[in-house]
Amino acid sequence: MSRPVLQVTDLKKIYGQGEATVHALRGVSLTVERGDYLAIMGSSGSGKSTLMNILGALDIPSSGQYLLDGVDVSRLSDGQLALARNRLIGFIFQAFNLIPRTSAVANVELPLAYAGVKPKERRRRAMAALEVVGLADRAGHEPNQLSGGQQQRVAVARALVTEPALLLADEPTGNLDSKSTDDVLQVFDDLSAAGRTIVIITHEREVGDRAKRLIRLVDGGIVTDTRQSPLHLPPVGAAPVAQGRAMVAGRHTR
Amino acid sequence: MNFFEVIRFSLRGLSANKLRSALTMLGILIGVAAVILLVAVGNGSAKAISDRIEALGTNTITVMSTGRGGSSSTSLTKDMADALIDEEMAPDVKSVSPVVSSSATMTYEGTDHSVGTFVGTTPAWFTASTTPVGRGSAFTDDDVAQGRRVVVIGKTVAEELFPGVDPLDKQVTVGGALFTIVGVLEDKSSTGFDDANDRAVAPLTAVQQVLTGYGALTSIVVEAADPDKVDAVQGQVSTILNQKLDVDSSSTSTPYRIQNASSLLETQSETAATFTTLLGAVAAISLLVGGIGITNIMLVTVTERTREIGIRKALGAPRRVILTQFLIEASLLSVLGGALGVAAALIGSQFAIVGVKPVIVPSSIGYALGVSIAIGLFFGGLPAARAARLRPIDALRYE
Ligand SMILES: Nc1ncnc2c1ncn2[C@@H]1O[C@H](COP(=O)(O)OP(=O)(O)OP(=O)(O)O)[C@@H](O)[C@H]1O
Ligand SMILES: [Mg+2]
């Protein structure tokens, strides 16, 4: 098998000093294979976002090793990191993080601009991505003219627009109703079926159920790691439900 | 991502924050315009004063009596003026013009005009005091010797007494005597509060006879052979006068005072330079205050901008591109603001400010622009440079 997309060993993250020290991650080791669809669950403050930020090369761990596509991230230069964030990773923030006073479509175009895509092509692909999340009619709106759920979907479109091999989503459905949640999850399922690697943080049972693998974090450590469906098959929700064979029954706990 | 795209990003960034952009630009505009205009005002007033002093004549000195009450032992006499023409003791003296002056009323066919200064002197005075005759001619040494009653009048006098009439060869009454007008002085710019054109000049002897009497002279105008010799002439004149007036060479006070136009000019240009420097300092402070204003605006938005930089980095923007974008934003603001400031100053300099016509000093434009652009780049670029170095997640958490 090819080398894993993500491989972390004994990852620790400590915030603050002295009295105020917080051990956000206490030695997390995790390997994510190419094409896997991983859901991370856990109570609030258990360190999910902290782990995700490190996986997205946005933060660095206090100790431990992180290999992205077999490359040690701590050795990458600023330019190489920028390239990895731009071409390899699509990141959806828990807090959306759209650029204020800038239209939805301009926000979605941004990663393409840094990738050097021509303006016309950029606009076309950004509109297509907005179409996918059902926001084509809100393209010209600025973030403060959009509802929380709409902002979240713009953030999803922005992460999808570069068609990244690795999609990291921090509670991408946290602000969505069940219909929008279904739409976004369908997109994820399709991406997974197309062979992309997805890591998603969620609080919702139904969302976690659709992933191929489920991890539970408690207090900065992994407590359960469950394979819910086979790695090489499309996920449960992927479009033509060819593998309708009771996936739920195939679930087992290690 | 090419440079043109980065410029478009900068423009979009500027238009996304219109109020901030406008305020920043205004700060720079005011700073630049203030520096250029204040320096121009200082320069303009210095120039106005030196023009006036130069009009007095730079190669002459004027000897005036300081004796009060006209005691005869300390007053200047025609005799002393004659003593100054001395090849031996005063080789650099070109001409000596004894001067008496008083005010007088001139009458022509029932019209009265009170002449500001009625001067009695010798023909050399016209060149020495740079007061050339415009029409007609000056009187001659012979006129002085004979005490002929001829007079050269200034422009104001001519306009007052002879509106629409040629004054030449007309006869006017002064102090009960008839004077014949032989010339009209050229228009002269005023050196102070009094009108330099409101005067009349006649032979010394005639004025003494009719108006002032044969007593003390008002002053003696001494012309040097060369502008560089003015100081030498001043020394020679004092030596002769000290002898004549029996002044002890160790005495600190003399009964006369020597006014030297070129030394006056020198003192004046030093004063003017100080004045311009002072105004420049005031202006520099205003530029600094403008700069602090800019810094303030930039710092207020630094949280928002730092978050934005965090987002951009997370989306894959290299540090170089981010830096370029924010530096272009900052320089566009400061260059545009600076250019508008220069334009405002150039327009402002067309008008007299507190009675002074400003004269732009070209180097002040360079300084003001340079400093404003430096401030803009520094305070615009520094926070951006700092934010661009942060890890994306730290930039996003910045508060
Ligand atoms: N910058 C920080 N400084 C100090 N402590 C931090 C910082 N970021 C996170 N923490 C702490 O680390 C712990 C893990 O935070 P994290 O954001 O990873 O939680 P989470 O699992 O994502 O929670 P949620 O489900 O609410 O998003 C928390 O206790 C939090 O207080
Ligand atoms: Mg979180």
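Residues numbered from 1 in each chain as written. Chains lettered and ligands numbered in written order. Predicted model: local features only at pLDDT ≥ 70, side-chain atom pairs only at ≥ 80, totals over all residues. Heavy atoms only, no water.

## A look at the confidence of the model for chain B
Residues and elements named next belong to chain B. Of the residues in chain B, 94% have a pLDDT of 70 or more, and the chain-wide mean is 84. Here helix H9 (residues 261-300) stands out as the element of chain B with the lowest mean pLDDT, 76, in contrast to strand E5 (residues 150-153), whose mean of 94 is the highest. For this predicted complex, the interface confidence comes out at an ipTM of 0.90, alongside a pTM of 0.69. (pLDDT = per-residue confidence, 0-100. Helix = DSSP H or I, 4+ residues; strand = E, 2+ residues; numbered from the N terminus.)

## What about the pairing of strand E6 (residues 171-174) of chain B?
All names here are of chain B. Of the two faces of E6, only the one carrying Val172 and Val174 is buried; Gln171 and Thr173 on the other face are not. One ladder, built from four bridges, connects E6 with strand E7 (residues 177-185); its direction is antiparallel. Paired with Val174 across the two strands is Ala177, which belongs to E7. Where E6 hands over to E7, the hairpin turn is made up of two residues, of which Gly175 adopts a positive phi near 55 degrees. (Buried < 20%, exposed > 50% of the residue type's maximum accessible area, 1.4 Å probe, protein only. Pairing = 2+ DSSP bridges.)

## Overview of the sheet that holds strand E1 (residues 6-15) of chain A
Residues and elements named next belong to chain A. Taken in spatial order, the four strands make up an open sheet running E2-E1-E4-E5, and their pairing is antiparallel. Each of the sheet's edge strands pairs with one partner strand only, and the pair in question is strand E2 (22-32) and strand E5 (71-72). As paired strands, E1 and E2 are joined by eight bridges and run antiparallel to one another. Its bridge partner lying in E2, Ile14 is registered against His23.

## Observations regarding the coordination of the magnesium ion (ligand 2)
Residues and elements named next belong to chain A. Every protein donor of the magnesium ion (ligand 2) is listed here as Ser49 (OG) and Gln94 (OE1), and their distances to the metal cover 1.9 to 2.3 Å. Within this pair, whereas Ser49 is found in helix H1 (residues 48-55), its partner Gln94 is found in the loop between strand E6 (89-92) and helix H3 (104-114), the two being separated by 45 residues in sequence. Given the relative accessible area of 38%, Gln94 is considered partly exposed. (Donors = N, O, S within 2.8 Å, 3.2 Å for Na, K, Ca; no water.)

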